[in-house]
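Single-letter residue listing:
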Amino acid sequence: MEPAKMDPADARPARLAADAAGFARAATILVAGGLVALPTETVYGLAARADSADAVATIYRAKGRPSFNPLIVHVPDCAAAERLAAFDARARLLAQRFWPGPLTMVLPLLPGAAIASSVTAGLATIAIRVPAHPVMRAVLTACGLPLAAPSANRSGAVSPTTAEHVVASLGARIDAVVDGGACAAGIESTIVALRDDGSWQILRPGPIGHDALAEVLGTSALAVTDHAIEAPGQLASHYAPGKPVRLDALEAAADEFLIGFGAISGHASLSPRGDPAEAASRLYALLHRAAAAPEPRIAIAPIPDHGIGTAINDRLRRAAAG
Ligand code: AMP
Ligand code: MG
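What you are looking at is a predicted structure, and each value in this text was computed from that prediction instead of being measured.

### Points about the UniProt feature "domain: YrdC-like" (unreviewed entry) in the protein chain
UniProt marks residues 20–208 with the feature "domain: YrdC-like" (unreviewed entry), using the numbering shown here. Secondary structure content for residues 20–208 is 30% helix and 21% strand, and the end C-alpha separation is 31 Å.

Structure follows, in structure tokens:
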């Protein structure tokens, strides 16, 4: 029998433009329970409707993600967030100050909220955020559903900051990707948990730093947690480029691809002028590039450990643990 001829328009994943037709197509696929990768201001997310256990199961399958690792739910605005999570005065203040933007809050899940229990991995809390990226916002509005969206990469691998990264990692496992260019922040959202006892805790450092949160929340946070059940995505080995990674490198050994920063130029630089925000926006793209380079090892220059540098170093430690 003749092999069926493949129409390039049927190739998976469909590459959708960031325009009205692309958003409408993405929304149609999502409403039907499909998987669409979408750019956000942090990294590309792999979205599915959060109220459907079947749709959410396809996220876990496509990523090869352990089912005990809960997903972040994305909504278009605070009103939609308050239909799913219990907001107290602190949560409202944070929402006013940082939404839309790269802050995820872990809050009590409202009883009866239309969220598949696999999204929260059965926890009594939900991780929720209102993203700022115009593409993600347009698709959220077009489909009128909360979307569960972890990073659009195979579990444990380097996060995607371009549509090409998404296709290279997930390929035909997903239905579509909307190409919105490179992500601006380049590092995943800050996750903060607000506790019933009035305390708060950063579960994952990110673009919004401790000091910015403390300005709103008043007191100092509990120590950043590695609590296994609460934030299982925060595994020691994550963001792994598939090669040994050496941190705080001042120069490259013969078999190393050196990722530079500031005065250390390397084979490629996170930021020649030593700007941590620029470094965050380029971090994953350079890890992808280093992974594809001929050198069997990766070395990375030291990054100052304050502000967004704290979040970069958190990701680098996990990349090195792989
Ligand atoms: P990602 O898959 O990169 O979007 O990461 C999502 C992160 O959110 C993981 O570290 C999860 O463990 C964390 N997370 C999601 N839901 C919750 C929750 N209810 N409580 C605590 N952490 C959560
Ligand atoms: Mg991830």
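After that view, the rundown keeps rolling.
### Examining the pairing of strand 2 (residues 36–39)
Both faces of strand 2 are covered, namely the face carrying Val36 and Leu38 and the face carrying Ala37 and Pro39. Examined bridge by bridge, strand 2 and strand 3 (residues 44–49) share four bridges and lie antiparallel to one another. Bridging across to strand 3, Leu38 finds its partner in Gly45. Remark: four residues form the turn of the hairpin made by strand 2 and strand 3, two consecutive strands paired antiparallel. Summarising the sheet, strand 2 and strand 8 (residues 176–179) pair through two bridges and their orientation is parallel. Each bridged residue has a counterpart across the sheet, and for Ala37 the counterpart in strand 8 is Val177.

### As for the nonpolar core
The biggest cluster of nonpolar side chains holds 50 residues, and the ones touching the most others in it are Met105 and Leu213. Contact partners of Leu213, with chain neighbours within four places excluded, come to Leu94, Phe98, Leu103, Thr190, Val192, Trp200, Ile202 and Ile208. Leu258, Tyr284, Leu286 and Ile300 belong to the second largest nonpolar core, which has 31 residues in total.

### Brief notes about the environment of Glu215
With respect to the helices and strands, the residue Glu215 is situated in helix 7 (residues 210–217). The exposure class assigned to Glu215 is exposed, which follows from its relative accessible area of 66%. Taking the C-alpha atoms as reference points, Glu215 and Arg317, separated by 102 residues in sequence, lie 27 Å from one another.

### Here we look at the sheet that holds strand 8
With mixed pairing, the ten strands of this open sheet are ordered in space as 1-8-2-3-7-4-6-5-9-10. Every other strand in the sheet has two partners, leaving strand 1 (14–17) and strand 10 (200–204) as the edge strands with one partner each.

### A few points about the pattern of salt bridges
Pairs can form between side chains of opposite charge whenever their charged atoms are close. Inspection of the entire model under this criterion finds 14 salt bridges. Among the salt bridges present, the one from Arg12 reaches Asp175, with a minimum N-O distance of 2.7 Å. Note that Arg12 is positioned in the segment before strand 1 and Asp175 in the loop between helix 6 (163–170) and strand 8, a separation of 163 residues in sequence. For Arg12, a relative accessible area of 43% gives the class partly exposed. Among the residues examined, Asp175 registers a relative accessible area of 25% and is labelled partly exposed. A cluster of three or more residues bridged by salt bridges with shared partners is formed by Glu188, Asp314, Arg315 and Arg318.

### Brief notes about the environment of Pro39
Topologically, Pro39 is positioned in strand 2. By relative accessible area, Pro39 is classed as buried at 0%. Measuring from C-alpha to C-alpha, the distance between Pro39 and Arg49 comes to 16 Å, with ten residues separating the pair along the chain. Among all residues touching Pro39, those that are not within four sequence positions of it are Tyr44, His133, Val135, Met136, Val178 and Gly180.

### Some remarks on the environment of Ala321
When you line up the elements, Ala321 lands in helix 9 (residues 308–321). On the basis of relative accessibility, which here comes to 46%, the residue Ala321 falls in the partly exposed class. Apart from residues lying up to four places away in sequence, Ala321 is in contact with Ala236 and Ser237.

### Things to note about the UniProt feature "binding site: ATP" (unreviewed entry) in the protein chain
Under the local residue numbering, the UniProt record ascribes the feature "binding site: ATP" (unreviewed entry) to Arg65, Asn69, Thr125, Ser151, Ser159, Arg204 and Tyr239. In three dimensions, the annotated residues from a span of 175 residues occupy distinct locations, with a maximal C-alpha spread of 24.9 Å. Leaving out residues up to four positions away in the same chain, Thr125 has contacts with Val106, Leu107, Pro108, Leu109 and Thr120. The exposure class of Tyr239 is buried, given its relative accessible area of 3%. Setting aside anything within four residues of it in sequence, one finds Tyr239 in contact with Gly156, Ala157, Val158, Ser159, Glu188, Arg204, Tyr284, Arg315, Arg318 and Ala319.

Cut-off values and rules
- Residues numbered from 1 in each chain as written.
- Chains lettered and ligands numbered in written order.
- Predicted model: local features only at pLDDT ≥ 70, side-chain atom pairs only at ≥ 80, totals over all residues.
- Heavy atoms only, no water.
- UniProt positions renumbered as here; feature names shortened; annotations may be inferred.
- Helix = DSSP H or I, 4+ residues; strand = E, 2+ residues; numbered from the N terminus.
- Buried < 20%, exposed > 50% of the residue type's maximum accessible area, 1.4 Å probe, protein only.
- Pairing = 2+ DSSP bridges.
- Core = buried A, V, L, I, M, F, W, Y, C linked by side-chain atoms within 4.5 Å.
- Contact = heavy atoms within 4.5 Å.
- Salt bridge = Lys/Arg side-chain N within 4 Å of Asp/Glu carboxyl O.

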